[in-house]
Amino acid sequence: AQTVTQSQPEMSVQEAETVTLSCTYDTSENNYYLFWYKQPPSRQMILVIRQEAYKQQNATENRFSVNFQKAAKSFSLKISDSQLGDTAMYFCAFMKRGVGNEKLTFGTGTRLTIIP
Amino acid sequence: DAGVTQSPTHLIKTRGQQVTLRCSPKSGHDTVSWYQQALGQGPQFIFQYYEEEERQRGNFPDRFSGHQFPNYSSELNVNALLLGDSALYLCASSLWVLAKNIQYFGAGTRLSVL
């Protein structure tokens, strides 16, 4: 079974600053995906960024980037030039690779507040 | 293109009752997964439907059951409700395209059991 751990229940940062959210996971699988999802007060889970474990290059999406360390089973999210709209719960999630394995295992989340 | 839609948005039930939640997947998506998110927690996988069959199931009792219709929409049924079933229930739909699968979530149904 897979487990995902987010050790920072809450974080806050000034607008325009950079913030890094941590995530570690445990798995015996070699092929898998890792995700960061954002859940604003509207409750809808929104995909922020996706990483394929077999790719060594870290994924980036505009202001969002990850630091994927496969050997250490670490997957942190960096948000640059933070904006008020980034205020939300952020969840790290794991999914095994392959058709029929579309089950996401989530961490407990980090509540991020961007301060004006 | 409508995203994943769930109904109702909010529901109040009493212990022992039964409830049905509904989900319409994103257009073209053939796989529907259901998650339970307790207050202050991450979502927990309940089960997944593909081609009208339950394909995977998480650690939830048989009181939780589901169905998928030919148009890929899905229902989640919970019998004999307990206070601990109070949670946000999220539906996610997905489709494999070029070896890539991304799950899109609805806004959820907030279930309160009194």
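Worth saying up front: this structure is predicted, and the values here are computed from it rather than measured.

### A word on the overall build of chain A
Counting its regular elements, chain A contains 0 helices and 12 strands. Scaling as 2.2 N^0.38, a compact globule of 116 residues should have a C-alpha radius of gyration of about 13 Å, and chain A matches this with 14 Å. If you line up chain A on its principal axes, its C-alpha atoms span 40 × 30 × 25 Å. Within chain A, buried positions represent 49% of all 116 residues. Here the contacts in chain A between residues at least 6 apart in sequence split such that 55% fall between residues at least 24 apart. Here chain A has roughly 5,600 Å² of accessible surface; of this, 44% comes from carbon and sulfur atoms. Within chain A, one finds 12 positive and 10 negative side-chain charges whose respective centroids are separated by 7 Å.

### Let's talk about the pattern of salt bridges
Per the counting criterion, the structure on display carries 9 salt bridges over all chains. Between Arg55 of chain B and Glu102 of chain A there is a salt bridge, and its shortest N-O distance comes to 2.9 Å. Of this pair, Arg55 of chain B sits in strand β6 (residues 53-57) while Glu102 of chain A sits in the loop between β10 (88-96) and β11 (105-106), placing the two residues on different chains. When its relative accessible area of 27% is taken as the criterion, Arg55 of chain B is described as partly exposed. On the basis of relative accessible area, Glu102 of chain A is assigned to the buried category, the value being 0%. The salt bridge partner of Arg22 of chain B is Glu75 of chain B, with a shortest N-O separation of 3.4 Å. One end of the pair, Arg22 of chain B, is in strand β3 (residues 19-24); the other, Glu75 of chain B, is in strand β8 (residues 74-78), and 53 residues separate them in sequence.

### What to know about the nonpolar core
In a soluble, globular protein the nonpolar side chains are often hidden away together inside. Membership of the largest hydrophobic core comes to 25 residues, with the highest contact counts inside it found for Tyr25, Trp36, Phe75, Leu77 and Tyr90 of chain A. Mapped by element, the contributors of at least two residues to this core are β3 (19-21), β5 (32-39), β6 (46-52), β8 (64-69), β9 (74-79), β10 and β12 (110-115) of chain A. Sort the elements by how many residues they give to this core and β10 of chain A lands first, with 4 residues. Apart from residues no more than four positions distant in its own chain, Leu77 of chain A is found in contact with Val19, Thr20, Leu21, Trp36, Val48, Ile49, Phe64, Ser65, Val66 and Tyr90 of chain A. By size, the runner-up hydrophobic cluster in this structure holds 20 residues, among which are Ile46, Tyr49, Phe60 and Val78 of chain B.

### Quick notes on the packing of aromatic side chains
Summed over all chains, the structure comprises 16 aromatic pairs over all chains. When the ring of Tyr25 of chain A is compared with that of Tyr32 of chain A, the centres are 5.4 Å apart and the planes differ by 70°; the resulting orientation is edge-to-face. In terms of burial, Tyr25 of chain A and Tyr32 of chain A fall into one category: buried. Put simply, the rings of Tyr33, Phe35, Tyr37, Phe91 and Phe106 of chain A together with Tyr35, Phe45 and Phe105 of chain B pair up and form one aromatic cluster. Arg55 of chain B extends its terminal NZ or CZ atom over the ring of Tyr50 of chain B, reaching a point 4.3 Å from the ring centre.

### Examining unusual backbone geometry
Residue Pro8 of chain B follows Ser7 of chain B across a cis peptide bond; omega there is -10°. Within the fold, Pro8 of chain B resides in the loop between β1 (5-7) and β2 (10-13). With a phi close to 55°, Lys73 of chain A is a non-glycine residue in the positive phi region. Non-glycine residue Glu52 of chain B carries a positive phi angle of around 65°. Looking at the secondary structure, you find Glu52 of chain B in the loop between β5 (44-50) and β6. The class of Glu52 of chain B is partly exposed, set by a relative accessible area of 42%.

### Notes on the state of the cysteines
Summed over the entire model, instances satisfying the criterion amount to 2 disulfides over all chains. Here Cys23 of chain A engages in a disulfide with Cys92 of chain A; their sulfurs sit 2.0 Å apart. Disulfide Cys23 of chain A-Cys92 of chain A: torsion about the S-S bond near -70°, hence left-handed. A residue pair is termed long-range when its members are at least 10 positions apart, and Cys23 of chain A in the loop between β3 and β4 (24-26) and Cys92 of chain A in strand β10 qualify at 69 residues. Neither residue differs from the other here; Cys23 of chain A and Cys92 of chain A are each classed as buried. Each disulfide pairs two cysteine sulfurs, and for Cys23 of chain B the partner residue is Cys91 of chain B, the sulfurs being separated by 1.8 Å.

### Re the interface of chain A and chain B
Taken together, the 22 residues of chain A in the interface contact 27 residues of chain B. Together chain A and chain B conceal approximately 2,000 Å² of surface at their shared face, both sides included; 53% is due to carbon and sulfur atoms. Summed over the shared surface of chain A and chain B, the number is 1 salt bridge. Looking at the side of chain A that touches chain B, the elements with two or more residues in it are β5, β6 and β10 of chain A. Here the side of chain A that touches chain B gets 4 residues from one element, more than from any other, and that element is β5 of chain A. When its residues are assigned to classes, the side of chain A that touches chain B shows 10 nonpolar, 8 polar and 4 charged.

The rules behind these values
Residues numbered from 1 in each chain as written. Chains lettered and ligands numbered in written order. Predicted model: local features only at pLDDT ≥ 70, side-chain atom pairs only at ≥ 80, totals over all residues. Heavy atoms only, no water. Helix = DSSP H or I, 4+ residues; strand = E, 2+ residues; numbered from the N terminus. Rg over C-alpha atoms; globule rule 2.2 N^0.38 Å. Buried < 20%, exposed > 50% of the residue type's maximum accessible area, 1.4 Å probe, protein only. Contact = heavy atoms within 4.5 Å. Areas by Shrake-Rupley, 256 points an atom, 1.4 Å probe, with all protein chains shown as cover. Lys, Arg positive; Asp, Glu negative; His and termini not counted. Charge placed at Lys NZ, Arg CZ, Asp CG, Glu CD. Salt bridge = Lys/Arg side-chain N within 4 Å of Asp/Glu carboxyl O. Core = buried A, V, L, I, M, F, W, Y, C linked by side-chain atoms within 4.5 Å. Phe/Tyr/Trp six-rings, centres within 6.5 Å; stacked < 30°, edge-to-face > 60°. Lys NZ or Arg CZ within 6 Å of the ring centre and 35° of its normal. Disulfide = S-S within 2.5 Å. Buried area = accessible area lost by both parts, 1.4 Å probe. Nonpolar A, V, L, I, M, F, W, Y, C, P; charged D, E, K, R; others polar.

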